[in-house]
Structure formats: C-alpha cells, structure tokens
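The lines below spell out each chain.
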Amino acid sequence: MARPVLLVKSGGAAGFDEWRGLLAGPLPQLEVRWWDDPGVAAERVRYAAVWDPEPGRLARLPALRAVFGVAAGVDLIAGDPAYPRHVPLVRLVAPETTQRMGEYLCWAALSLVKDARRMAIAQSRAVWDYSEAPGKAPDFTLGILGLGGLGQGCAPMLQAVGFKVIGWSRTRKQVPGVESYAEAELPAFLARCRILVCLLPATPETAGMLNAALFAQLPHGALLVQAGRGSQTVLPDVLAALDSGQLGGAVLDVFEPEPLPDGHPAWSHPKLTLTPHVGSLPTRAERAVQLARNILAFERGDALPTLYDPAKGY
Ligand code: NDP
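Just so it is clear, the model here is predicted, and its values are computed rather than measured.

1. Let's talk about the layout of surface pockets
Estimated volume of the second largest pocket: approximately 300 Å³. Lining the second largest pocket are 19 residues, with Leu 112, Val 113, Asp 115, Leu 223 and Gly 248 positioned closest to its centre. Among the secondary structure elements, those contributing two or more residues to the lining of the second largest pocket are α3 (95-113), α4 (116-124) and β11 (247-252). Of all the elements, α4 adds the most residues to the lining of the second largest pocket, at four residues. Residues of the lining of the second largest pocket, tallied by class, amount to nine nonpolar, five polar and five charged.

Dropping the structure here:
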C-alpha cells in the first residue's frame, strides 16, 4: 500500500531534493513529495511542511492531519482565511533557532552600544573617526517585548554579555534573573528600557505596535532592535524618532513588505542598521531534524510545546 505523503513547500522547488534527502531517513513511514507535484493525489496527503502556502490550498487536502511550519513564525500559514481550523498547526523552533537568535540579538545590541553604524559609515568614507561610545553593556537595561520561548532562551546569552534583561509578555513569567512584566504593565516596562528588543509574533494586537506613542514612553535616546515581524513596525515613526533623537539607533531585521522597496529612506538612514530577515535562520539540515522530531512527537500523541493556538493567534 502506498505510504501517506508529507508535502513540502519551503525554499522553492530547488530546495526540495535536499529536504527529501534530510527527511527520508528519520521519517521512513512517509513519502516526501514536493508541494506542486502533480502526481500526488490529495487524499494521500497526511502532513504538510510549509512556509507560505497559497491561500486555500491546505483546505483542499481532505486527509490532512497536521501542518508543520518550517519556521518559528507561522503567520503566513495561519493568515490563510481558508486554513482548516480543525487541523493542528505546529511552529518550528529548533535549538539552533534560539542559539542563532541569541547571537543576532547580542550582535545587534552590542553594535548599537558600540555605535557600529557610525564607524561603518566613516569607514565607507575612509574617515578615521576616532571616538569611543561611552556606554558598556551593564549600563543598559534591555527589555524583551515578547518574552516567549525565544526571548527566554536568548536572555542568558544577553545576560552573559552584561546586559540587565527584563521582559514583557501577556502573562508574567518566572525566568532566572529576568524581571517579568505582564500585559497591563507595559508603561512601567518601557520606562526602564534603554534597549528595546521586539520578539513579538504577528497578530492583530501587535500590528503597528512599534510606533511614536510607544517610543515616547522609552527613555530618551533608547536603542531599538526589531526581530519580530514587519507588521509591528511603523517605519516612518522609527525614522522620525531617530531624527528627533528619541531613538538613539536601531537595528531592524523585519519589514513589511519584504524586501524593503528600492529607494526607501530606511536603506540609508545613518542611525539605522538593516538586515534582510536573517535574525534566526537555522540551516535546512537543522530544521529538518526538528521537523522530523515534531512529526514523530505528533504521531506518538505527545504534547507539542510549539503548537499554534488559534485563540491567541500565536
Ligand atoms: P512564543 O509564542 O513562544 O512567544 C511569544 C511571546 O509574545 C509570548 O511571551 C507572548 O505572551 C507574547 N505576546 C504575544 N502577543 C502579545 C500581546 N498582545 N501582548 C503581550 N505579549 C504578547 O514565540 P517565539 O518566542 O518562539 O517567537 C516569537 C516571534 O519571533 C515569532 O512569532 C516570529 O515573529 C519572531 N521570529 C523572528 C525570526 C527572525 O528571523 N527575525 C526568527 C524566529 C522568530 P505569553 O507568553 O503570555 O503568551
């Protein structure tokens, strides 16, 4: 009898052979096939592993038991108005996701503290701009907006560098050495953040949250790292806050739309460092290991800590 199918849509058709090679070993019970393979009957598809499925496609798979994201954020899957709500959706957070995000946040926060953007501009002009940024990590309280799985995992790396880490989430957390603020305590949290790191998921509640009103609640000259989702950033407000000095510098990894359009003033702002949504991108091999773990755990009926909750939207 033909094996049930796992459809894969991530990295384009060119990436599929690698996915199949990586998944065939740990998942021999499944046939791994490309998302657009015309030879796959819809009734045979048991699972889909996807990043950005075309809206409506998942709803046309009658035997679908679960959908597995290939990244931590699944907004491009859950945002499908036709998503079959009875089908569990699982986010992918590999140990390497946390390690890589921790590295990114340490790099971004330190580059802001060290004024690396100013030095890069000076170098591009062959200017020996000798002046040292006065601050050092322990002088900075760094607040994580969205102290979830990633934020809690990254906190020890930021603490090891010397930052005093605090966090904000809907519900209060118990994280060693991290003061946790709950949803209603946002103003008190923001008032303390000399560095604000956003690791929020994209939801209707978080859309447009990084705006002028929020920046006004930060200490003057605060530094911003945005590694959540582009829908949360009001980019003109970021540029205005950088110009006024309310924000002293920013590192932005996520945008809406992506890529950032040609000619956008954010490309060249002297106080803004821009990265192309690479905050944490584990390799395909790293993600395949976690994807196989998630599928096997689902088949055993184990609780999945990264199960998407449609009621919460993340
Ligand atoms: P989690 O679901 O574990 O954490 C999300 C956190 O945000 C939770 O603490 C949650 O609170 C909090 N939160 C959500 N909505 C609100 C709200 N309205 N008010 C207050 N707090 C809120 O997700 P992860 O940590 O695994 O990932 C977070 C996000 O990071 C992803 O959704 C993705 O957008 C982004 N990401 C970006 C990457 C990049 O390369 N730039 C790579 C990987 C992830 P509570 O705990 O109380 O529910």
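2. A closer look at the packing of aromatic side chains
Under the criterion given, the structure shown has six aromatic pairs. Summarising the aromatic geometry, the rings of Tyr 47 and Phe 68 are spaced 5.7 Å apart at their centres and angled 75° between planes, so their arrangement reads as edge-to-face. Here the residue Tyr 47 occupies a position in strand β3 (residues 45-50), and Phe 68 occupies one in strand β4 (residues 66-69), the gap between them amounting to 21 residues. Phe 68 matches Tyr 47 in its accessibility class, with the two residues each being buried.

3. Side note on unusual backbone geometry
Between Glu 256 and the following residue, Pro 257, the backbone shows a cis peptide bond with an omega angle of 0°. The topology assignment puts Pro 257 in the loop between β11 and β12 (272-274). Going from Glu 258 to Pro 259, the amide bond is cis rather than trans, its omega being -5°. You can see Pro 259 is positioned in the loop between β11 and β12. Although it is not a glycine, Asp 115 adopts a positive phi angle of roughly 60°. Among the structural elements, Asp 115 can be located in the loop between α3 and α4. The phi torsion at Ala 126 lies on the positive side, around 55°, for a residue other than glycine. By the element assignment, Ala 126 lies in the loop between α4 and β6 (141-145).

4. Side note on the sheet that holds strand β1 (residues 5-9)
Within a sheet, each strand pairs with its neighbour through backbone hydrogen bonds, oriented either parallel or antiparallel. Across the sheet, which stays open at both edges, the five strands sit in the order β2-β1-β3-β4-β5 with parallel pairing between neighbours. The sheet terminates laterally at β2 (31-34) and β5 (89-90), the two strands that pair on one side only. Judged from the five bridges that link them, β1 and β3 form a sheet pairing that is parallel. Bridging across to β3, Leu 7 finds its partner in Ala 48. Of the strands in this sheet, β1 and β2 are in contact with helix α1 (residues 16-24), which crosses β2 at around 170°. Strands in contact with helix α9 (residues 284-300) are β1, β3, β4 and β5; relative to β4, the strand with the most contacts, it is inclined by about 155°.

5. Here's the deal with the side chain of Gln 226
Looking at the secondary structure, you find Gln 226 in strand β10 (residues 222-226). Polar contacts involving the side chain of Gln 226 include one to the side chain of Gln 232, which spans 3.1 Å. Here Gln 226 is in contact with Cys 198, Leu 210, Gln 232, Thr 233, Val 251, Leu 252, Asp 253 and Val 254, once residues within four sequence places are set aside.

6. Considerations on the site of the ligand
As a matter of local geometry, the ligand sits amid 30 residues, with Gly 149, Leu 150, Thr 171, Lys 173 and Tyr 314 nearest to it. Taking Gly 148, its main chain carries an N or O atom lying 3.2 Å from an oxygen atom of the ligand. Here Leu 150 contributes a backbone N or O atom positioned 2.9 Å from an oxygen atom of the ligand. A domain-level breakdown of the shell around the ligand finds at least three residues from each of domain 1 (5-94 + 282-300) and domain 2 (97-274).

7. Examining the sheet that holds β11
One open sheet holds the seven strands; their spatial order is β8-β7-β6-β9-β10-β11-β12, and the pairing between them is parallel. Two strands lie at the open edges of the sheet, namely β8 (179-181) and β12, each paired on one side alone. Put simply, the sheet's adjacent strands are angled 15° from each other on average, direction ignored. Looking at chain direction, strand β7 (residues 164-168) and β8 are connected through three bridges and run parallel. Opposite Ile 166, over in β8, you have Glu 179 as the bridge partner. This element, helix α8 (residues 235-244), spans β10, β11 and β12 of the sheet and lies at about 140° to β11.

8. Brief notes about the environment of Ala 241
Position of Ala 241 among the secondary structure elements: in helix α8. It is 42 Å that separates the C-alpha atoms of Ala 241 and Asn 294, two residues lying 53 residues apart in sequence. If near-sequence neighbours (up to four positions away) are discounted, Ala 241 is found in contact with Phe 215, Gln 246 and Leu 247.

Definitions and limits used
- Residues numbered from 1 in each chain as written.
- Predicted model: local features only at pLDDT ≥ 70, side-chain atom pairs only at ≥ 80, totals over all residues.
- Heavy atoms only, no water.
- 1 Å grid on protein atoms, 1.4 Å probe; cavity = no way out; pocket = protein on both sides within 12 Å on 5 of 7 lines; lining within 4 Å.
- Points joined across faces, edges and corners; volume = space filled by probe spheres on them.
- Helix = DSSP H or I, 4+ residues; strand = E, 2+ residues; numbered from the N terminus.
- Nonpolar A, V, L, I, M, F, W, Y, C, P; charged D, E, K, R; others polar.
- Phe/Tyr/Trp six-rings, centres within 6.5 Å; stacked < 30°, edge-to-face > 60°.
- Buried < 20%, exposed > 50% of the residue type's maximum accessible area, 1.4 Å probe, protein only.
- Pairing = 2+ DSSP bridges.
- Contact = heavy atoms within 4.5 Å.
- Axes fitted to C-alpha atoms, helices over the stretch in contact; angles between N-to-C directions.
- Polar contact = N/O pair within 3.5 Å; in protein donor to acceptor, adjacent residues only side chain to side chain.
- Near = heavy atom within 4 Å.
- Domains from an automatic or database assignment.

Everything listed is a geometric property; what it means functionally is a separate question.
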